[in-house]
Amino acid sequence: MTLLQNKRNILPLSKNRKIAVVGPNADDARLLWGNYNGTPVKTITILEGIKSLSNQEVFYDKGCDLVDDMILESFFNQCTIEGQPGMKATFWNNKERAGAPVTSVHYDQPIRLSTTGQHPFAPGVKLRDFSGVFETILKPVESGEIVFRLQSIGDYRLSVNDEIISDYTSWRFVTKRIPYPVEKDKEYRIRINFTQNCDFASANLNFNVGKESPVNYDELIKKLRGIDVVVFAGGISGELEGEEMPIELPGFKGGDRTDIELPASQRSCIKALKDAGKK
């Protein structure tokens, strides 16, 4: 770790000073492992580390995405299954979804599951050679285009009303963005079939659905009222750069960088913070 600048002697920060932590890499444990990583017993994120050293409450906001200038307003609260809000998952301890399920779990928050650190997707589910089905019904409160966001290490197949709209197989943790038009008050049956398929990488599945809109940095600045020092944790991650990754995003293609700049979304966030007088 190298300190490049310390203009106006901002550092070291006082433990008694109220600060904010902002940025897409502030609360990401996986980022800290790098590529070709082992699995540590414990990982302390940048946010957790700063909180542990501060005598004041530390404000946190992601602020922006790694490369995307859009934020997702989640519609997970518009999803129900079997009379309950959220999503239901059913798991089998085989890859064929055959025989009796080992367990079923209900989620009332967007899906974030990983076997990293020897954590199963659900109690009783094996770390390898397992599969699952995630189901819910979305009833939108307005018409328009929604977006499904999926990240997976493993096989997944996403269908809406029995129509397959996305499938993916890879050991790379890549974000998939799937636009889909919906009508107000119409029911959309969402189903994800997931299968653990990689012997040398953990199984992962992240899922959310909602409406995208451009990032509004004015709202971020309002949240930072009364805080003059911001620690911005940015950069890139293994989600963007890695061997033969099947992605094309601004600044990245096929796992390689096409330019050396910090991604534009992060530069815009830093500029907004600076323009607001935040150190």
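Here is a short report on the structure shown in this document.

Thresholds applied
Residues numbered from 1 in each chain as written. Predicted model: local features only at pLDDT ≥ 70, side-chain atom pairs only at ≥ 80, totals over all residues. Heavy atoms only, no water. Helix = DSSP H or I, 4+ residues; strand = E, 2+ residues; numbered from the N terminus. Pairing = 2+ DSSP bridges. Axes fitted to C-alpha atoms, helices over the stretch in contact; angles between N-to-C directions. Contact = heavy atoms within 4.5 Å. Phe/Tyr/Trp six-rings, centres within 6.5 Å; stacked < 30°, edge-to-face > 60°. Buried < 20%, exposed > 50% of the residue type's maximum accessible area, 1.4 Å probe, protein only. Salt bridge = Lys/Arg side-chain N within 4 Å of Asp/Glu carboxyl O. Core = buried A, V, L, I, M, F, W, Y, C linked by side-chain atoms within 4.5 Å. Disulfide = S-S within 2.5 Å.

**Quick look at the environment of Val147**
Inspection of the secondary structure assignment puts Val147 in strand β10 (residues 144-160). Residues Val147 and Ile178, spaced 31 residues apart in sequence, show a C-alpha to C-alpha distance of 5.4 Å.

**Quick notes on the sheet that holds strand β1 (residues 19-22)**
Picture the strands of a sheet paired through backbone hydrogen bonds; they go either parallel or antiparallel. Read from one edge to the other, the open sheet built from 3 strands follows the order β2-β1-β14, with strand pairing classed as parallel. Only two strands of the sheet have a single partner each, and these edge strands are β2 (59-61) and β14 (229-232). Going from strand to strand, the sheet's axes swing by 25 degrees on average, the running direction of each strand aside. Examined bridge by bridge, β1 and β14 share 4 bridges and lie parallel to one another. Residue pairing across strands places Val21 opposite Val231, the latter belonging to β14. Sheet contacts for helix α3 (residues 264-275): β1 and β14; angle to β14, the most-contacted strand, approximately 170 degrees.

**A look at the packing of aromatic side chains**
On inspection of all chains with the given rule, the structure shows 9 aromatic pairs. Arranged with centres 5.7 Å apart and planes meeting at 90 degrees, the rings of Phe91 and Phe134 form a pair that is edge-to-face. One end of the pair, Phe91, is in strand β6 (residues 87-92); the other, Phe134, is in strand β9 (residues 131-138), with 43 residues separating them in the sequence. Classification of Phe91 by relative accessible area gives buried; the value is 0%. Overall, Phe134 belongs to the buried group, its relative accessible area being 0%. Judged by centre distance (6.2 Å) and plane angle (20 degrees), the rings of Phe148 and Phe207 are stacked.

**Brief notes about the pattern of salt bridges**
In the structure shown here, the tally under the stated rule is 14 salt bridges. Note that Asp228 is salt-bridged to Arg17, the shortest N-O span being 3.0 Å. Placement of the pair is Asp228 in the loop between α2 (217-223) and β14 and Arg17 in the segment before β1, with a sequence separation of 211 residues. For Arg17, a relative accessible area of 28% translates into the label partly exposed. When salt bridges that share partners are traced, they join Lys62, Asp65, Asp68, Arg149, Arg177 and Glu212 into one network.

**Overview of the nonpolar core**
Within the largest apolar cluster, 33 residues are counted, with the highest numbers of intra-cluster contacts made by Phe134, Phe148 and Phe207. Top contributing element to this core by residue count: β10, with 6 residues. In this structure, Phe148 is in contact with Leu158, Val160, Ile165, Lys176, Arg177, Ile178, Tyr180, Ile190, Phe207, Asn208 and Val209, ignoring residues within four places of it in sequence. Within the second largest apolar cluster, 12 residues are counted, among which are Cys64, Val230, Ala272 and Leu273.

**Some words on the state of the cysteines**
Summed over the entire model, instances satisfying the criterion amount to 0 disulfides. With no disulfide of its own, Cys64 has Cys269 as its nearest cysteine by sulfur position, at a separation of 4.2 Å. Look at Cys64 and you get buried, because its relative accessible area is 3%.

**Considering the pairing of β9**
For β9, the tally of buried residues reaches 6 of 8 residues, placing the bulk of the element in the interior. Here strand β4 (residues 79-81) pairs with β9 via 2 bridges, running antiparallel. Bridged to Thr80 within β9 is Ile137. Both β6 and β9 contribute to a ladder of 5 bridges, which runs antiparallel. Within the sheet, the bridge partner assigned to Lys88 lies in β9 and is Glu135. Relative to strand β12 (residues 188-195), β9 is paired through 8 bridges, and the arrangement is antiparallel. Following the sheet pairing, Ser131 is matched in β12 by Thr195.

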